[in-house]
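Notes for the structure review
Letter by letter, the chains look like this.
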Amino acid sequence: MKKILAGHGSGGKLMNDMISSIIKKKLGDDTIQIDDSAILNLPNSRIAFTTDSYTVTPIFFPGGDIGKLAVNGTVNDLAVMGATPLFLSCSLILEEGFDFESFEKILNSMKIEADIAKIKIVTGDTKVVPKGKGDKIYINTAGIGVFNNAPLRKDIKEGDKIIVSGTVGDHGITIMSLRNDLKFSSNLKSDCASLNDMIGTISTKYQSSIKFIRDATRGGIASVLNEICDNKKFSASIDEDAVPVQNEVKGICDLLGLDPLYIANEGKIIIVADEKDANHIVEELKKHHLGINAAVIGTIDNAYPGKVYLNTFIGGKRFLPLLIEEQLPRIC
Amino acid sequence: MNRELIKKLADHLKNRSLNREIRIMEVCGTHTAQFFKTGVKDILPKKLTLINGPGCPVCVTPNRYLDSVIEIAKKYNAIIATFGDMIKVPSSYSSLAMEKSNGMDIRIIYSPVEALDIAKANKNREVVLISVGFETTAPSEAITLLEADAKGIKNFSLMCGNKLTPPAVNAILNSDEVKIDGFIIPGHVSAIIGKSPWSFIADKYGKPGVIAGFETEDLVTGVLSLIDMIEDKNNTVKNGYTLAVKDSGNLRAMEIIDSVFDIKDTEWRGLGNIPASGLAIKKKYSLFDAEKKFPVTPSAPKEHPGCRCGDLLRGLITPPECPLFDKGCSPERAVGPCMVSSEGPCAAYYKYWRK
């Protein structure tokens with residue numbers, strides 16, 4: 001099997017051949033500019049710019065792989081701000097000995113996902129690290145998006161509703177159940193997906209009501225809500241029974257002593273919106289294939305300023321504080 | 001049980017009027033956490049107080065135990081296999097987390113038998129399994145030892161810190177330091193030992209107890225029954241967790257425990273030395289007994305002078321009454337084990353109800 005060699009990152013012919021014959025060809029022959037920088041024409045002067053690195057292990061998992069994730073993740077970071085994703089960079093850190101078959105499979109899914117998200121991969125970089133100094137492949141992507149409307153950030157106030165776009169914990173529990181040290185199998189799939197299309201449908205229609213959107217990745221929805229409430233005069237009240245969780249996720253979480261509210265998602269967003277349009281937004285989300293399980297899960301109030309709390313199904317309350325550390329490392 | 005019925009029962013508990021102040025001890029650390037997590041603690045009648053008990057194995061393990069483990073790893077270059085719960089627990093002078101960052105070979109496992117895989121893969125090293133737990137985990141640790149014996153895995157041993165829960169409850173009642181009206185008895189432990197080992201609560205001390213499971217409905221019905229029993233002076237022990245607990249316990253599990261372990265006196269944090277409250281590996285398996293196999297003399301154990309984990313485990317205080325709670329002691333920088341174990345009362349208060 002053909003493998004990545006140290007020379008593939010050397011800057012010599014081996015590297016140039018790999019870039020032109022594989023990477024450029026796979027990621028976008030017509031979009032990638034082989035130069036020190038890509039030159040871009042932006043339709044608007046107000047842009048969103050973001051970057052993220054992906055180290056997930058295992059690199060292939062039900063529902064996706066590290067390549068798909070590297071496109072989704074960055075696309076979603078742009079989309080949740082209300083920006084339309086346009087351009088993506090792709091930096092690859094490859095471990096010497098990594099097989100080309102897997103590498104090409106990953107590049108293919110990056111391209112497929114970029115096409116779905118209508119984002120162009122325009123520039124990139126490749127480095128090879130000695131065997132044992134990396135873990136097969138790490139990917140960094142940076143993305144640029146433009147604003148056609150104002151960014152989706154407004155002051156949150158008491159009475160606003162909290163919405164989640166679907167079942168929580170699917171990605172994290174899928175990855176966890178694949179790790180060697182947990183010997184059980186499940187039929188779960190990662191929810192990783194580019195959410196710009198779904199976000200586009202609600203943001204054009206409910207621009208004035210949407211106060212905030214964020215994708216609930218590491219740390220799950222509880223961590224996003226904590227970021228929203230931190231140092232603020234309001235609190236977030238979540239209803240346990242309203243949060244959509246797949247039974248299988250619930251079961252595995254019970255078994256391992258984990259809380260699905262803290263488990264990573266790669267295709268779910270938290271939305272804070274004005275009460276008057278909250279149900280309409282949920283209805284709109286449900287029309288999209290990535291939002292069929294969307295639900296209003298809570299309310300912004302002033303009961304415990306700066307905190308997030310859960311109303312359990314029997315009506316008891318408990319806090320959902322920021323976790324001290326991620327429940328599982330290298331989830332994305 | 002259907003959710004609507006559970007909600008009705010919960011409302012019943014919430015509105016239950018009590019004719020006097022009632023103090024209930026939940027013996028088990030998992031119950032402590034579950035009372036918070038399910039929200040049942042939040043709906044208890046005002047006159048009802050929950051007191052945390054000694055049922056967190058990591059919390060009651062004295063510093064001397066971890067001090068010895070660390071010494072063994074250093075002196076004999078042993079690999080330490082442990083559940084994640086033990087990693088951040090402070091020892092007298094360090095912690096496994098600190099030692100790990102300094103290069104000590106510490107492997108986090110999810111099942112004791114994984115320690116055997118580690119031993120098989122590292123034939124030139126000794127693998128020491130940290131065995132800290134109550135009656136619930138002792139059978140799986142015993143099975144692991146028996147498997148090591150059957151397969152001749154000689155580089156595996158067990159650092160036995162296993163303890164028995166009824167003697168600790170007896171010690172608390174015997175000391176008469178805390179006023180307790182009744183007990184929520186651990187369901188997991190009872191699934192192994194059955195109901196009769198708890199009968200002393202009623203027979204010797206004239207208090208009622210209910211064996212309870214860990215779901216919302218178990219906690220709600222358990223507390224409701226216990227209130228009735230206290231008010232009716234029905235001083236018996238009731239099995240409220242028949243789904244998992246047979247009155248006679250799990251005979252096979254108890255046989256396995258008996259085949260590997262003897263009962264000995266042992267030291268508990270906060271409770272001191274309690275007669276016949278610990279397990280020791282039988283002589284015929286001393287090849288697998290880390291304490292015998294790897295003699296060490298760690299420095300004299302020491303406790304943080306302000307730490308009140310001991311008082312907490314005897315039910316004398318609640319976590320927020322400890323002067324270090326959230327002031328010098330937090331999960332990131334724990335002074336005592338009750339702040340880091342997932343069954344620790346301080347960890348539960350810190351996570352679920354730190355205002």
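Above this text is the structure in question.
1. Considering the overall build of chain B
- The number of helices and strands found in chain B is 16 helices and 11 strands.
- Rg of the C-alpha trace for chain B: 21 Å, near the compact-globule value of 20 Å for 355 residues, within the 12% margin.
- Judged by the C-alpha coordinates and their principal axes, chain B covers about 65 × 45 × 40 Å.
- Per-residue burial for chain B yields a buried fraction of 56% across its 355 residues.
- The long-range fraction of contacts in chain B, counting pairs at least 24 apart against all pairs at least 6 apart in sequence, stands at 78%.
- For chain B, the distance from the average position of its 46 positive side-chain charges to the average position of its 41 negative side-chain charges is 2 Å.

2. Here we look at the state of the cysteines
Residue and element names in this part refer to chain B.
- Inspection of the entire model under this criterion finds one disulfide over all chains.
- Linked covalently through their sulfurs, C56 and C59 form a disulfide whose S-S length is 2.2 Å. Between C56 and C59 the sulfur-sulfur dihedral comes to about 70°; the bridge is accordingly right-handed. A single burial state applies to C56 and to C59, both of which are buried.
- Left without a disulfide partner, C309 is nearest to the cysteine sulfur of C338, which lies 3.3 Å away.
- Looking at C309, the relative accessible area reads 6%, which means it is buried.

3. What about empty space enclosed by the protein?
All names here are of chain B.
- Counting across every chain of the model gives two cavities of 30 Å³ or more.
- The computed volume of the largest cavity comes to approximately 80 Å³.
- Taken together, 13 residues make up the lining of the largest cavity; nearest its centre are R308, C309, C322, C329 and C346.

4. Some thoughts on the nonpolar core
All names here are of chain B.
- In terms of nonpolar packing, the biggest core is built from 99 residues, with L96, I130, F156, F183, W198, I201 and F261 touching the most fellow members.
- Counting residues per element, this core draws most heavily on helix α5 (residues 63–76), which supplies six residues.
- Those residues within four positions of F156 in sequence are excluded, and the remaining contacts are A115, L116, A119, E126, V127, L129, T144, L145, A148, L287, F288 and K293.

5. Here we look at the pattern of salt bridges
Residue and element names in this part refer to chain A.
- Overall, the coordinates contain 36 salt bridges over all chains when judged by the stated rule.
- The residue K268 makes a salt bridge to D191 at a minimum N-O spacing of 3.1 Å. Taken as a pair, K268 in the loop between α7 (247–256) and β10 (269–273) and D191 in the loop between α4 (170–178) and α5 (196–205) lie far apart in primary sequence, 77 residues in all.
- Given the relative accessible area of 12%, D191 is considered buried.

6. Describing the interface of chain B and chain A
- Chain B puts 23 residues into the contact, and the matching count from chain A is 20 residues.
- In this assembly, chain B packs against chain A so that about 2000 Å² is buried in total across both faces, 59% of it on carbon and sulfur atoms.
- In this structure, the connection of chain B to chain A is made through two salt bridges.
- Residue R3(B) pairs with D241(A) through a salt bridge whose shortest N-O separation is 2.3 Å.
- Taken together, the connections running from chain B to chain A amount to five residue pairs in polar contact (both at pLDDT 80 or more).
- Going through the elements one at a time, α1 (3–14), α2 (29–37), α3 (40–43), α7 (114–121) and α16 (345–352) of chain B are the ones with two or more residues in the side of chain B that touches chain A.
- Across the side of chain B that touches chain A, the residue classes tally to nine nonpolar, three polar and 11 charged.

7. Observations concerning the layout of surface pockets
Residues and elements named next belong to chain B.
- Considering only enclosed or pocket space, the second largest pocket measures out at about 440 Å³ in volume.
- Around the second largest pocket, the lining is made up of 24 residues, and of these P90, S94, M98, A334 and V335 lie nearest the centre.
- For the lining of the second largest pocket, the residue count by class is 10 nonpolar, eight polar and six charged.

Scoring rules and cut-offs
Residues numbered from 1 in each chain as written. Chains lettered and ligands numbered in written order. Predicted model: local features only at pLDDT ≥ 70, side-chain atom pairs only at ≥ 80, totals over all residues. Heavy atoms only, no water. Helix = DSSP H or I, 4+ residues; strand = E, 2+ residues; numbered from the N terminus. Rg over C-alpha atoms; globule rule 2.2 N^0.38 Å. Buried < 20%, exposed > 50% of the residue type's maximum accessible area, 1.4 Å probe, protein only. Contact = heavy atoms within 4.5 Å. Lys, Arg positive; Asp, Glu negative; His and termini not counted. Charge placed at Lys NZ, Arg CZ, Asp CG, Glu CD. Disulfide = S-S within 2.5 Å. 1 Å grid on protein atoms, 1.4 Å probe; cavity = no way out; pocket = protein on both sides within 12 Å on 5 of 7 lines; lining within 4 Å. Points joined across faces, edges and corners; volume = space filled by probe spheres on them. Core = buried A, V, L, I, M, F, W, Y, C linked by side-chain atoms within 4.5 Å. Salt bridge = Lys/Arg side-chain N within 4 Å of Asp/Glu carboxyl O. Buried area = accessible area lost by both parts, 1.4 Å probe. Polar contact = N/O pair within 3.5 Å; in protein donor to acceptor, adjacent residues only side chain to side chain. Nonpolar A, V, L, I, M, F, W, Y, C, P; charged D, E, K, R; others polar.

Just distances and angles here, no functional claims.
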